[in-house]
Amino acid sequence: MGRQVDLTLLQKLAQINWLLIVLITMIAGVGFAMLYSAANGNIDPWASRQMIRYSAGLGLMLLIALIDIRTWLRHAYLIYGAALLLLLAVEVMGVVGMGARRWVDLGLFQLQPSEVMKIALVLALARFYHGLPMEEVGRIRWLLAPAAMILVPVALVMRQPDLGTAILLMATATAILLLAGVRLWKFAVALGAVLLAIPLAWRFMLHGYQKDRVLTYLNPERDPLGAGYHIMQSKIALGSGGVFGKGFMQGTQSHLAFLPERQTDFIFTMLAEEFGLVGCFSLLSLYILVIAYGYAIAIRSRNQFGRLLATGVISTFFLYLFINMAMVMGLIPVVGVPLPLVSYGGTSMISLLIGFGLLLSVYVHRDIVIPRRPS
Amino acid sequence: MRIPGLERDGSRHKTFNRRLALLGGGKLTLAAVLMGRMYYLQVLESDQYHMLAEENRISMRLLAPPRGLIMDRFGRELASNRQNYRVVLIAEQTKGVADTLDRLAHIVPINSHQRRRVLREVKRKRPFVPIKVAENLTWEQFARINVLLPDLPGVQPDVGEGRYYPVGVETAHIVGYVSSVSEADLTGDPLLELPGFRIGKNGIEKVYDESLRGKAGNSRVEVNAYGREIRELARQDGQPGHDVVLTIDADLQEKISRRLRDESAAAVVMDIHQGDILAMVSAPSYDPNAFNLGMSTKAWRTLIQHPRKPLINKAIAGQYPPGSTFKMLVALAAMEAGIAGPGHEVFCNGVIRLGKSKFHCWRHRYGGHGMMDMKQAIAQSCDIYFYDLARRIGVDRIGAMARRFGLGEALDIELVGEREGLVPSKDWKLAVTGVPWQLGETLITGIGQAYLLATPLQLAVMTARLANGGIAVRPKLSRHLKPQDDAEGAGEDADDDRTSQNDGNNIRTTDEGAPPIGVSAANLQIITDAMSEVVNGRRGTARKYKLDKELGMKMAGKTGTAQVRRITKAERKAGGKLGKGTPWKERDHALFTAFAPVGAPRYATAVVVEHGGSGTYAAKLTKDIMAEVLRADPLARSAMGRTSHAPNNATDRPNNADNADNTGNKERKT
């Protein structure tokens, strides 16, 4: 048989990596503080709601952590299929908001299927490579299925249009494929293909505002009061923070509304202005610690599914924070990606905590060895 | 336990670990890039971004300084700053701008034009920017708005500062007016770009605009990204404008204005020693406050097209042939040239021939004046006598004398639009017309016609220079400028204090620096005696207009009648003069220059009535004007009452319009 004895609930709870939860909570705490400052010293409207969401998400995370990892493996494709259906639903009957169609109304609440897809894709790819022997991984024909699994949702997300999420999905998938052992030269070929596709995408796929963002990134002074305004103001806020910052709730750029969307995508700028380089490094260190924990969990997992799931979740997390920070510092074009656990916003908070739930599940069930083809 | 594929898992695990290290390295590299970028922005470039952040945050707002006052010689305010009750609308504080305007219209009249302007500005400006709805409200309207404020969302009563001319119409030509800044006025002074700022457009307001304006203060305010003010960080109050004290006696000015109300005329009263202009009236006048309140196009067109040209200051911009008022200078030129003395006699039979032309005396209908000496020739204004003198001395010597007495040149009075007049010479005519000078023109120059032109101000200056013993006094309108906050005489401004002390007792016999003209005192005495004879002599042309006995003073003067057009032969036969039936526009100008008191003169006047008929009409007006001057005697009063600071005097003297009325009533009762 070869199955280990199932752990009891108490044993599982004892196995949970509480230190990781403390780290995550610290990061979320930074978010609460910044949202409090963004509302000029008010817990409403942002900080309070963010706390409620975090609490709910925390519960969900623990619940997911306790669910057997084999359950996740078994339902991986099902979840992926559901996510894909939701994405298609957006295409058909989505709610248009902020010039893009990203939401689907489920009656009780509005759901952003692209967020669900971030986790579903990781699950599906992890399952696929879990069941694939090493010698098969190298074959081109075994690359067709994962390629479809990746490209279909990416294309749907691009159509919404949501360039940020599309890039995130692509990059996370690439990380999983890399870790699964796909030959490096194939990545080189894919990279070449992407480079070739860029001019075509520019002509046929990118929307006006997306082109604007890229052009503005390439030359921020192109339109200082238009599209370049945000990034210019963001850099001013960041730079004027200096080493120690202007002090909590003292950020002039953010509080005088020069900074756009200070509670969501540009919250890191606000932190940088108020707490300076010290604050930036501290937050970045917290993030790196979380990522290191994720790596440790992946390495200690005794099943390929767990390893790929853990690294997939962690890669998404890293990409979130990298894209967001690089964007507000003017390193890459403006793409709508929130700062994980800090930016105001329910969907990304919940989906991140679900991801961490899966990570914890991998940890809790790290010693379970799962055969390639479970019955 | 044998688990299928487990051994294989080992190799997958190894690959995974290897690749994970690779990925981790990549992520660390990217994290390092982020940190490097943070360091670059927050440490290396921090200063620059700090500066940019401050620039973003801080906005300089200009503060308009209060404009300096303009006062008459006794400190009576001629231009002051009055609270301007306004009502503004802040769009973001009301749900319906149109609805609020409707309600407001029940209190203040808002016409469709204003309404459209407000609605247009609401669209154009940010919602928190106050938009002016109406200004110059009455106190009653302002109070009602304040009471009804709860029912007027978005409406905000506001008190601004506006220019006000308390005397108004009577001093309009001197004080001038302020109006909105036009594009051409922009000099780089940031004050001028303040919305609603007004600058001097005419008169003293324009000439002394920079002193009156003061220096702008500023306020550093913190603003947000939408330009809304959050708080004031620092404030530097500007320097208020300097006050200007004029030489004018506003009471006198008002009285003379009233006397000339129905005429198209100009009158100048000046101090013959100092050159102080005590009154300068140009009738008709206009209301300078109307310019400030904003004038309708119709009202403006009426002013512009008025046949009597109310906007023109005729005292400095009206040019008239001096006519017989010029004869003193011809006589003086003859005596100074040694060609004719006071005893020089000419027989006037009413006409003189020169070649084929006949030159008439105004009295030719009665057979002329008979034998004339110089004194009688001036007193009776005999034209034949001056044709003769002019022919003897020539136009160039006449012209030279005229220029020494201030004709034909700008006197640099502190006003806008001063004209130079015209004193012809042979060279001038040849250069301008290309035709040589004719002797006949010399003859009529002798009676102040031909090409001669003079402004009333120049005639007053001429008379002053004749009466003050030949000193080239220059006219002036302002005494000194003083800082506005110097009312207690703190003496902050040393320079100013010194001049004040010099002026202190104000008994200066001559204007400092005014040079003598260099004519003999004896000759001047002959001229001034003759001028006295004009009024006080048995046969003088103005003998009907002697000053009343009770004044105990006499005036001297000279009539002048300036032809507006040539008299045709037919007309000369019919009566020689233009009769009552002549259209107003074709009647002669009436001139009279005078000084008083005879014996110890202090005041000189010049009165020109456009199309007034004859010089005796101007003499009649001058009689009343001079009587007012001597009764008020502003020079004596200033000599006694004046200390260094004008405003103190203002409180001493019951001189405001209201007070004057009150005392007048009391006197009548007792």
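Structure first, text after, so check above.
Definitions and limits used
- Residues numbered from 1 in each chain as written.
- Chains lettered and ligands numbered in written order.
- Predicted model: local features only at pLDDT ≥ 70, side-chain atom pairs only at ≥ 80, totals over all residues.
- Heavy atoms only, no water.
- Helix = DSSP H or I, 4+ residues; strand = E, 2+ residues; numbered from the N terminus.
- Buried < 20%, exposed > 50% of the residue type's maximum accessible area, 1.4 Å probe, protein only.
- Contact = heavy atoms within 4.5 Å.
- Areas by Shrake-Rupley, 256 points an atom, 1.4 Å probe, with all protein chains shown as cover.
- Patch = residues over 30% accessible without salt bridge, like charges linked within 9 Å, V, L, I, M, F, W, Y side chains within 5 Å.
- Salt bridge = Lys/Arg side-chain N within 4 Å of Asp/Glu carboxyl O.
- Lys, Arg positive; Asp, Glu negative; His and termini not counted.
- Charge placed at Lys NZ, Arg CZ, Asp CG, Glu CD.
- Pairing = 2+ DSSP bridges.
- Axes fitted to C-alpha atoms, helices over the stretch in contact; angles between N-to-C directions.
- Phe/Tyr/Trp six-rings, centres within 6.5 Å; stacked < 30°, edge-to-face > 60°.
- Lys NZ or Arg CZ within 6 Å of the ring centre and 35° of its normal.
- Buried area = accessible area lost by both parts, 1.4 Å probe.
- Polar contact = N/O pair within 3.5 Å; in protein donor to acceptor, adjacent residues only side chain to side chain.
- Nonpolar A, V, L, I, M, F, W, Y, C, P; charged D, E, K, R; others polar.
- Core = buried A, V, L, I, M, F, W, Y, C linked by side-chain atoms within 4.5 Å.
- Expected span 1.5 Å × (residues − 1).
- Parallel < 35°, antiparallel > 145°, perpendicular 65-115°, else oblique.
- Left-handed = near helix turned anticlockwise from the far one by under 90°.

Looking at the overall build of chain A
Along the backbone of chain A there are 15 helices and 3 strands. Counting across all 375 residues of chain A, residues that qualify as buried make up 57%. In chain A, 74% of the contacts between residues at least 6 apart in sequence involve partners at least 24 apart. By element, 69% of the accessible surface of chain A is carried by carbon and sulfur atoms, the whole surface being about 15300 Å².

A closer look at the overall build of chain B
Along chain B, the regular secondary structure elements total 26 helices and 20 strands. Each of the 670 residues in chain B was classed as buried or not, and the buried ones make up 51%.

Observations regarding a positive patch on the surface
A cluster of basic residues, Arg538, Arg539, Arg543, Lys544, Lys546, Lys549 and Lys554 of chain B, forms a positive patch at the surface. Owing to a relative accessible area of 49%, Arg539 of chain B belongs among the partly exposed residues under this scheme.

Remarks on the pattern of salt bridges
Residue and element names in this part refer to chain B. Evaluation of the coordinates by the stated rule reveals 23 salt bridges over all chains. Here Arg117 and Glu121 are joined by a salt bridge, their closest N and O atoms 3.1 Å apart. Of this pair, Arg117 and Glu121 both sit in helix H4 (residues 112-124), 4 residues apart, which is roughly one turn of that helix. Glu121 shares its class with Arg117; the two are buried. In the salt-bridge network here, residues are joined through shared partners; they are Arg67, Arg163, Glu205, Asp209 and Arg213.

Looking at the sheet that holds strand S9 (residues 229-236) of chain B
Residue and element names in this part refer to chain B. Strand order in this open sheet of 3 strands is S1-S8-S9, and the pairing throughout is antiparallel. Since the sheet does not close on itself, it has two edges, and those belong to strand S1 (58-63) and S9, each with one partner. Strand-to-strand twist across the sheet, computed as the mean angle between neighbouring axes with direction ignored, equals 30°. Across 6 bridges, the pairing between strand S8 (residues 217-223) and S9 is antiparallel. Directly across from Arg220, in S9, lies its bridge partner Ala234. Sitting on the sheet, helix H2 (residues 46-57) touches S1, S8 and S9, and the angle it makes with S1 is about 40°.

Describing the packing of aromatic side chains
Taken as a whole, this structure holds 16 aromatic pairs over all chains when the rule is applied. Among the aromatic residues, those joined into a cluster by ring pairs are Tyr36, Phe248 and Phe275 of chain A. Over the ring of Phe16 of chain B we find Arg307 of chain A, and its NZ or CZ is 5.6 Å from the ring centre. Note that Arg73 of chain B overlies the ring of Phe74 of chain B, its terminal NZ or CZ placed 6.0 Å from the centroid.

Notes on the environment of Gly343 of chain B
Assignment of secondary structure puts Gly343 of chain B in the loop between helix H13 (327-336) and strand S13 (346-348). With 32 residues separating them along the chain, Gly343 of chain B and Lys375 of chain B place their C-alpha atoms 8.5 Å apart.

As for the interface of chain A and chain B
Each partner contributes residues to the interface: chain A has 60 residues there, and chain B has 42 residues. Interface area for chain A against chain B, summed over the two sides, is near 4400 Å², with a carbon-plus-sulfur share of 71%. Of all residues in chain A, Leu179, Leu256 and Tyr295 of chain A bury the most surface against chain B, accounting for 14% of the area lost on that side. In this assembly, chain A and chain B are joined by 0 salt bridges. Seen at the junction of chain A and chain B, the total is 15 residue pairs in polar contact (both at pLDDT 80 or more). Secondary structure elements with two or more residues in the side of chain A that touches chain B: helix H5 (113-130), helix H6 (134-137), helix H8 (163-180), helix H9 (184-204), helix H11 (227-241), helix H12 (252-255), helix H13 (267-300) and helix H14 (304-328) of chain A. Looking at side-chain class alone, the side of chain A that touches chain B contains 37 nonpolar, 16 polar and 7 charged residues.

Some remarks on the nonpolar core
Counting 129 residues, the largest nonpolar core has Phe405 and Leu466 of chain B as the members making the most contacts within it. Those residues in contact with Phe405 of chain B, other than ones at most four positions away along the chain, are Leu329, Leu332, Gln458, Val461, Met462, Arg465, Leu466, Ile517, Val519 and Leu524 of chain B. Judged by nonpolar contacts, the second largest core, of 127 residues, contains Met149, Ala298, Val328 and Leu358 of chain A.

Focus: the pairing of strand S10 (residues 243-246) of chain B
Residue and element names in this part refer to chain B. Residues Asp243 and Val245 of S10 are buried on one face, and the alternating residues Val244 and Leu246, pointing to the opposite face, are buried as well. Inspection of the sheet shows strand S2 (residues 70-71) paired to S10 by 2 bridges, in the parallel sense. From the neighbouring strand, Ile70 faces S10, where its bridge partner is Val244.

Structural notes on the environment of Gly448 of chain B
Residue and element names in this part refer to chain B. Tracing the sequence through the fold places Gly448 in the loop between helix H18 (439-446) and helix H19 (456-467). Spatially, the C-alpha atom of Gly448 lies 5.1 Å from that of Phe326, the residues being 122 residues apart in sequence. If we ignore the near neighbours within four places in the chain, the residues touching Gly448 are Pro321, Pro322, Gly323 and Phe326.

Notes on unusual backbone geometry
A negative phi angle is the norm for most residues apart from glycine, just as the trans form is the norm for most peptide bonds. Residues Ala283 of chain B and Pro284 of chain B are joined by a peptide bond in cis, for which omega reads -5°. Residues Ala596 of chain B and Pro597 of chain B are joined by a peptide bond in cis, for which omega reads -10°. Of note, Pro597 of chain B is situated in the loop between strand S19 (589-596) and strand S20 (603-609). Of note, the phi angle at Leu341 of chain A is positive, near 70°, even though the residue is not glycine. Note on Leu341 of chain A: relative accessible area 2%, which makes it buried. A positive phi angle is found at Asp633 of chain B, which is not glycine, with a value near 40°. Structurally, the position occupied by Asp633 of chain B is in the loop between helix H23 (615-632) and helix H24 (634-641). Classification of Asp633 of chain B as buried rests on a relative accessible area of 16%.

Considerations on H23 of chain B
All names here are of chain B. For H23, with 18 residues, the first-to-last C-alpha span of 25 Å sits near the 26 Å given by 1.5 Å per residue. For H23, the set of buried residues is Gly615, Ala618, Ala619, Leu621, Thr622, Ile625, Met626, Ala627, Val629, Leu630 and Ala632. Backbone geometry just downstream of H23 places Asp633 in the positive-phi region, at approximately 40°.

Some points on the packing of helix H3 (residues 97-104) of chain B against H4 of chain B
Residues and elements named next belong to chain B. Closest axis-to-axis distance for the H3/H4 pair is 11 Å, and the angle between their directions is 150°. When the axes of H3 and H4 are compared, the pair comes out roughly antiparallel. For the element pair H3 and H4, the recorded crossing hand is right-handed. Counted together, Val97, Ala98, Leu101 and Asp102 of H3 and Arg115, Val118, Leu119 and Val122 of H4 form the full contact between these two elements. Across the contact of H3 with H4, the residue classes break down as 6 nonpolar, no polar and 2 charged.

Quick notes on the sheet that holds S19 of chain B
Hydrogen bonds along the backbone pair up the strands of a sheet, which may run parallel or antiparallel. Residue and element names in this part refer to chain B. Spatially, 5 strands are ordered S12-S11-S20-S19-S18 in an open sheet, and the strand pairing comes out antiparallel. At either margin of the open sheet sits one strand with a lone partner, and together these are strand S12 (277-283) and strand S18 (556-562). Sheet twist, expressed as the average angle between the axes of neighbouring strands with direction ignored, equals 5°. Note that S19 and S20 share 7 bridges and pair antiparallel. Note that in S20 the partner of Ala590 across the bridge is Val609. Sitting on the sheet, H19 is in contact with strand S11 (265-271), S12, S19 and S20, with an inclination near 150° to S20.

Structural notes on helix H15 (residues 346-364) of chain A
With 19 residues, H15 of chain A extends 26 Å between its outermost C-alpha atoms, agreeing within 8% with the 27 Å of an ideal straight helix rising 1.5 Å per residue. Of all 19 residues making up H15 of chain A, 16 are buried, and the element is well covered by its neighbours.

Shape is all these values report; function is a separate question.
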